[in-house]
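Residue-level structural notes
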Amino acid sequence: MQKILSTLILFLFLQLTSNAQYTVKGTLKDTTARSFLEKAVVAIVDPTDSTLLSFTRTDAKGNYLLQTKKPGKYTLMVMHPQYGDYVEIINVTEAENNIPAIALTSRITLLETVIVNSTKSMRVKGDTTIYTADSFKVSANANVEELLKKLPGLQVDKDGKITAMGQAVQKVLVDGEEFFGADPGMAVKNLRADAVKEVQVFDKKSEQAEFTGIDDGNTQKTINLKLKESAKNGYFGKLDAAGGLQKEIDDRYNTNVLYSTFKGQRKLSGFLLNGNTGQDGLSWEDRDKYGGDNDNMTMTDDGFMFTSGGSSDGEPYINTDNGFTTNTNAGISYSNKYDNKQKINFSPKYNSQIYDNTTRTFSQTQLQGDSVLNSNSARDYHVDRNNLKLRGRADLYIDSSNSIVIDANANFYKTESIDRTLSETRGKNGNLKNTSDRFLRTDSDKDALNASVLFKHKFAKLKRTLTVNLNANKLSTSGQNILITENKDFVNNINIPVNQQFDNDKNTTNTGAKVVYTEPLGKRYAVEVGHEINFTKGFNDQTTFSYVAATGKYENRVDSLTNNFEQKIITNKPSAKLSYSFKKLKWYTGIGFGITKFDFLDKTFDKEYNRDFTNVFPEAGLTYSYKTNASLRFNYNGATSQPSLNQLQPLRNNNDQFNLYIGNPNLKQSFSNRFNLSHNSYDFLKDRWMYQSIGYTVTSNSITNSRTIDPVTGKTTTQPVNTDGNQNMYFYGGLGQKLKKSDIRLGVNINGSYSRYADFINGQESFAKTTNAGLGISLSKSKEKKYEWDIRNDVNFNANKNAQFTSTNSYRTYELNAEGRLYYKKVWSLRSEYKFTTRQKTEQSTGNLTNQLWNATLERTFKKDEFTAYFKVRDILNTNVGIDRRFGGNTYTETINDRLQRYFLLGFTWNFKNKSKAAAAATTTPNP
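Bear in mind that the values here come from a model prediction, so they are computed numbers and not experimental data.

Right, let's get into the side chain of R391. Here R391 is to be found in strand β25 (residues 372-397). According to the relative accessible area criterion, R391 is buried, its value standing at 18%. Here the side chain of R391 touches N409 through a polar contact of 2.8 Å, side chain to side chain.

The structure is reproduced here in structure tokens:
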């Protein structure tokens, strides 16, 4: 029944034109009241593929008239919200076909419901794109990630990062609830594809907007996995163990255990992963947070705390595509709903990782004129880290007018690393300028805590609401570094030895409160007023000691590398917003004022830095749904970004004597204006989807780097400064269609971007301009238990221009991805993936950069696909190399990493699920 209702509601708004020569007409009646039935939906559908051919509504006398282009047998469907659905096969043979009067039965007295399953694979309902999971064939026991790769408009990259309609997916929900916290990767990797009924893709509004009904422009691209009824009461899971076959080298192995049990509203899942093939179990989002010590913490204007990639303390950033990783990961996800009102969700996760890598880097820095600095370095590092992450949420229903949402998160990190780097810098003619031999040992602990409480109250009058949001965040880092270096300056013929210990203690806390009141102004308008206050307090205390040979201890304090710095930031932000909503059009416009007070104290030198700022935060948004399956959206907002403690503190970082960094306490907050225009649509009859988006951002007082580079010695000193002129614009779009005759899915996407980034080199402002453009084409087809294949081809053009370079550095990249699977007697299958990438050479490189990766897996299933034995070869050609080339400002860099190459695995998998009578019945019984 649900499938009939959803299909007809969606098809109702399609604008069909037809020059049909055959008509179908008749009358509808109410069996109980014996009256004519008005405004019922009547449609004829092709029974072979469920294609909608024509539809109409009955008039006041219950009459309808439909048209079709050719004779034949068709499915006549009738729907009315107060009556049972009616389905009949009719035979259209004449130019005018009269159907006998149809009598519908009221739902109240209806004794039997006719069920018709729609085979439409994709539809749009409001702002949500819905995919029928079973319409996309995946391999036996496939997880949701494999299913998502086959959905039009969705992409999943090698790191598990999901992109939908060109935008990164930030949340994956299961039946509307979080699964393993906010991690998008855990649900798609752990859930079985055959447990999913629908995949729903939409822009999830903020808690505030969902409650008040007033759009605030804050959305997250979200996927909701709607489970089948049979999967909501039972269990399923997987045991997978695989081992290597090469004793002469380190054996490769993976062991995975996944288990889920669902019972009504209760969902309980757990996983344990262990291996040394680079399968680290972290999502792409976790890698960004967990990849380095990441103490570059930033506070946005709304008090949200986040960290940027990299590490100020010199700890290496981990990319598990490179190097060698041994890891253990475990997690539990529990959610439940009590009395259909109270909801709780708890998701603890643990990760242990040992990582080793060697990198060799060449960089070329070009200065004004003919000055060039060429640097070579070799770096070996070992990292041992542990992470415990706890996430909980409770939705508490007090009464029909009041509710509370409580969120709490805790992250605990422990990292130990050893980094050994040898480097040298030469001039254009090859003359040696300096060398460095550096040893850095890091031992650090980091705790990140945050909590929020949202109180929501609805008044008796519709859209009159009050919300109070309280939040608190804390990030603290403590650690100890040992730095031993031998630095030689060949220009001045001096040695600079360093043997020091750094003790650091950093802490930043943020507390805030926000009150919002909404008042309706008639049926279409509403006003929102609010006030927000945030208080940020932090300190960074670093003490440096030099080594004393006589005692064998680090005990002589180095005053020039010791500093205790404190910051206090108070922001008040009153705001007001007017919104409009009627039928197809929604818009809002608002303004806020940020009154910020900065107080910085350099306790070491007893120096204060105090300043006040007032910013205006305009915002506007418009959504026009000109069809049920098509919409146009525009958004604009202004936002500030505060400098981090590391950027503010006037403390020199001397991890690399020839590349020094020093903070700047005179930094101002930056302000960005962001514009975005997007469109998406879906044509049901042609099974065609498309999306486009264009955006522009311009930033004033942008925090950038000022570098002083000595072309004689090669020494560089970097300090953050404010500058204007940074801007970025982008465009991306895609379209796809199922070619019905060949049953092939075709997808095309394009993208382009332009950025203008300012920095300072030797006191002179320099702009780096980067242009990118790309085109991608994909083709896919599958036939259950016979074959499936997917080919994607991407071509990109890149150009980088900097005032320091005499010419524009431009190059093309080409990437081919091919995946296929061939079945034999339904139980044997050969699966293969091939990736070919090439990057055109530039003036700085010696030739094209080409890489191939070819993997294959031979599988044999048993007992109706419950058990699988497999043999896997990764990197068949043994050509997987870790080479990366990039431009940044006036510097070209080429990095070569160690990378895991060809290995073999022999494995066995048990995919299990409950086979109880109840589950079996749920599997075979249509959903009402």
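Ranked by size, the top nonpolar core spans 42 residues in total, and within it Y131, L148, L191, V199, I223 and L225 carry the most contacts. Every residue in contact with L148, bar those within four places of it in the chain, is listed here: L154, V156, I162, V188, V199 and I223. Within the second largest apolar cluster, 18 residues are counted, among which are L28, V42, V78 and L104.

What follows deals with the pairing of strand β16 (residues 196-205). In terms of burial, β16 is a largely internal element, seven of the ten residues being buried. Of the pairings in the sheet, the one linking strand β10 (residues 128-132) to β16 comprises four bridges and is antiparallel in character. What sits directly across from Y131, in β16, is V199. Relative to strand β17 (residues 219-227), β16 runs antiparallel, the two being bridged by nine bridges.

Before going further, it helps to examine the pattern of salt bridges. A side chain of one charge can pair with a side chain of the opposite charge if their charged atoms are brought near each other. For the structure on display, the rule yields 31 salt bridges. K913 serves as the salt-bridge partner of D194, at 3.5 Å between the closest nitrogen and oxygen. Separated by 719 residues along the polypeptide, D194 in the loop between α3 (184-190) and β16 and K913 in strand β52 (residues 903-913) bring together distant segments of the chain. On the basis of relative accessibility, which here comes to 41%, the residue K913 falls in the partly exposed class. Look at the salt bridges and you will find they share partners, linking R192, D194 and K913 into a network.

Moving on, we get to a nonpolar patch on the surface. A surface patch of nonpolar side chains, amounting to about 860 Å² of accessible area, comprises L622, Y624, L632, F634, F675, L677, I694, F731, I750, L775 and I777. When residues of the nonpolar patch are traced back to their parent elements, those giving at least two are β34 (607-627), β35 (630-641), β38 (670-683) and β44 (764-783). Considering the arrangement of structural elements, one finds L632 in strand β35. Relative accessible area serves as the criterion here: at 33%, L632 is assigned to the partly exposed category.

Calculation criteria
- Residues numbered from 1 in each chain as written.
- Predicted model: local features only at pLDDT ≥ 70, side-chain atom pairs only at ≥ 80, totals over all residues.
- Heavy atoms only, no water.
- Helix = DSSP H or I, 4+ residues; strand = E, 2+ residues; numbered from the N terminus.
- Buried < 20%, exposed > 50% of the residue type's maximum accessible area, 1.4 Å probe, protein only.
- Polar contact = N/O pair within 3.5 Å; in protein donor to acceptor, adjacent residues only side chain to side chain.
- Core = buried A, V, L, I, M, F, W, Y, C linked by side-chain atoms within 4.5 Å.
- Contact = heavy atoms within 4.5 Å.
- Pairing = 2+ DSSP bridges.
- Salt bridge = Lys/Arg side-chain N within 4 Å of Asp/Glu carboxyl O.
- Patch = residues over 30% accessible without salt bridge, like charges linked within 9 Å, V, L, I, M, F, W, Y side chains within 5 Å.
- Areas by Shrake-Rupley, 256 points an atom, 1.4 Å probe, with all protein chains shown as cover.

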